[in-house]
Amino acid sequence: MKNTILIPLLLLATACTSSAQTIEQPGSEQYQEFIVIDATGTAVASADRITFHITLNRFHEEAEIAFSQHKDLERFLTDLLLEKGIDDERIQANPVSISPRRYSNDQGYETRQRVSVELEDIAEFEQMQVDLIENGFDNFSGSFGSSEENSAREEAIKNAVREAQSKAGILAEAAGRNLGGVVRIEHTSTGSPVYRESADLAMSAMQGDGGMLQFQSTIPVRENVRITFRLSN
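Residues numbered from 1 in each chain as written. Predicted model: local features only at pLDDT ≥ 70, side-chain atom pairs only at ≥ 80, totals over all residues. Heavy atoms only, no water.

> What is the right way to read the overall build of the protein from this model?
What the protein contains, in helices and strands, is four helices and 11 strands. In the protein, which comprises 233 residues, the proportion classed as buried is 33%. Sequence separation of 24 or more characterises 77% of the internal contacts of the protein that already satisfy a separation of 6 or more. Carbon and sulfur atoms make up 47% of the accessible area of the protein, which totals about 14,200 Å². (Helix = DSSP H or I, 4+ residues; strand = E, 2+ residues; numbered from the N terminus. Buried < 20%, exposed > 50% of the residue type's maximum accessible area, 1.4 Å probe, protein only. Contact = heavy atoms within 4.5 Å. Areas by Shrake-Rupley, 256 points an atom, 1.4 Å probe, with all protein chains shown as cover.)

> Is there a simple way to explain helix α3 (residues 149-174) in this structure?
For an α-helix, 3.6 residues make a turn, and residues three or four places apart therefore share a direction. Between its first and last C-alpha, α3 extends 37 Å over 26 residues, near the 38 Å set by a 1.5 Å rise per residue. Three or more residues of α3 are buried, namely Glu149, Ala152, Arg153, Ala156, Ala160, Ala164, Lys167, Ala168, Leu171 and Ala172. (Expected span 1.5 Å × (residues − 1).)

> I would appreciate a short explanation of a negative patch on the surface in the present structure.
A cluster of acidic side chains, namely Glu61, Glu62, Glu64 and Asp106, defines a negative patch on the protein surface. By secondary structure assignment, the location of Asp106 is in strand β7 (residues 106-119). Residue Asp106 is classed as partly exposed on the basis of its relative accessible area of 49%. (Patch = residues over 30% accessible without salt bridge, like charges linked within 9 Å, V, L, I, M, F, W, Y side chains within 5 Å. Salt bridge = Lys/Arg side-chain N within 4 Å of Asp/Glu carboxyl O. Lys, Arg positive; Asp, Glu negative; His and termini not counted. Charge placed at Lys NZ, Arg CZ, Asp CG, Glu CD.)

> Would you explain the packing of aromatic side chains in this entry?
The description of an aromatic ring pair uses the distance of the two centres, along with the angle that the planes make with each other. Applying the stated rule across the entire model yields four aromatic pairs. Aromatic side chains Phe52 and Phe125 sit 4.8 Å apart centroid to centroid with 80 degrees between the ring planes, which places their arrangement in the edge-to-face category. With Phe52 in strand β4 (residues 49-60) and Phe125 in helix α2 (residues 124-133), this pair connects stretches of sequence that are 73 residues apart. By relative accessible area, which is 0% here, Phe52 ends up buried. By relative accessible area, which is 0% here, Phe125 ends up buried. Residues Phe52 and Phe140 carry aromatic rings whose centres are separated by 5.8 Å and whose planes lie at 70 degrees to one another, so their mutual orientation is edge-to-face. One end of the pair, Phe52, is in strand β4; the other, Phe140, is in strand β8 (residues 140-145), and 88 residues separate them in sequence. Of the residues examined, Phe140 reaches a relative accessible area of 8% and is grouped as buried. (Phe/Tyr/Trp six-rings, centres within 6.5 Å; stacked < 30°, edge-to-face > 60°.)

> Quick question: what am I supposed to make of the environment of Asp138 here?
Structurally, Asp138 is set in the loop between α2 and β8. For Asp138, a relative accessible area of 53% translates into the label exposed. Spatially, the C-alpha atom of Asp138 lies 8.1 Å from that of Thr55, the residues being 83 residues apart in sequence.

> Explanation requested: the pairing of β7 in the structure shown.
Consecutive side chains of a regular strand alternate in pointing toward one face of the sheet and then the other. As paired strands, β4 and β7 are joined by 11 bridges and run antiparallel to one another. Counted as the bridge partner of Leu56 is Gln113 from β7. The sheet contact formed by strand β5 (residues 91-93) and β7 spans three bridges and is antiparallel. Across the sheet, Ile91 pairs through a bridge with Val117, a residue of β7. Looking at chain direction, strand β6 (residues 97-103) and β7 are connected through seven bridges and run antiparallel. Considered in β7, the bridge of Arg102 is made with Gln107. (Pairing = 2+ DSSP bridges.)

> Help me out: how do you make sense of α2 in this one?
Along α2, eight of the 10 residues are buried, which leaves the element largely enclosed by surrounding structure. Of all the positions in α2, only Phe125, Glu126, Met128, Gln129, Val130, Asp131, Leu132 and Ile133 are classed as buried.

> Before we go on, may I ask you to explain the environment of Gly142 in this structure?
Looking at the element boundaries, Gly142 is found in strand β8. Under the relative-accessibility criterion, Gly142 is labelled buried at 0%. Expressed as a C-alpha distance, the spacing of Gly142 and Phe125, which sit 17 residues apart in the sequence, is 8.3 Å.

> Help me understand the packing of helix α1 (residues 63-84) against α2, please; the structure alone is not making it clear to me.
For any two helices packed against each other, one specifies the crossing angle of their axes together with the interaxial distance. It is at 11 Å that the axes of α1 and α2 come closest, and there the two elements cross at 150 degrees. Of the possible angle classes, the one that applies to α1 and α2 is roughly antiparallel. Viewed along their axes, α1 and α2 form a crossing whose handedness is right-handed. Together, Phe76, Leu77, Leu80, Leu81 and Lys84 of α1 and Glu124, Met128, Asp131 and Leu132 of α2 make up the contact between the two elements. (Axes fitted to C-alpha atoms, helices over the stretch in contact; angles between N-to-C directions. Parallel < 35°, antiparallel > 145°, perpendicular 65-115°, else oblique. Left-handed = near helix turned anticlockwise from the far one by under 90°.)

Here's what the structure looks like:
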């Protein structure tokens, strides 16, 4: 049989939730109390790379024409990547797919292919978008990356654990209990943020010397932990 004791205490902490449980140990008349804390730790990593996601697609009432137009896009993108000297291991491409589609009153065939390119020079991202827009591309996005991300995640995990320990100690003291050792730790990661830029925004960037990418110098990294602590009198 399990009983749950709700501690009548509310802490205004943005990244931490908690609950207290009383659990009967098998084969014993003694009850053991636990407190469960959810906490989030953050850290930052310098953004020094960006993955450029490009979707090639064409629509036409005739499948052969749609496919032919798609191959024109594919050839241009291939030549552009060769011109930029991007290594093969930094390029991932899915096969071309073609399927029947209906848009309003237009019925025909649409092609689709996704290509991802990792760029180490972030400044190259906007210019590549302009090159693509001028040659019939209109569907792309970018996600930042960092060579420091692993170390930043380790630091975020440590911060999350420290946050959980701090909150557990406050709750235990307020409830008139002593905080014991750790019984269990669960951990989940939060993915990296994605920067997206539409064709219209990329074209407007051509009108000035600056760009928002100059401000995107760091990537916030978040790690979540759920830690169960023992409580004692």
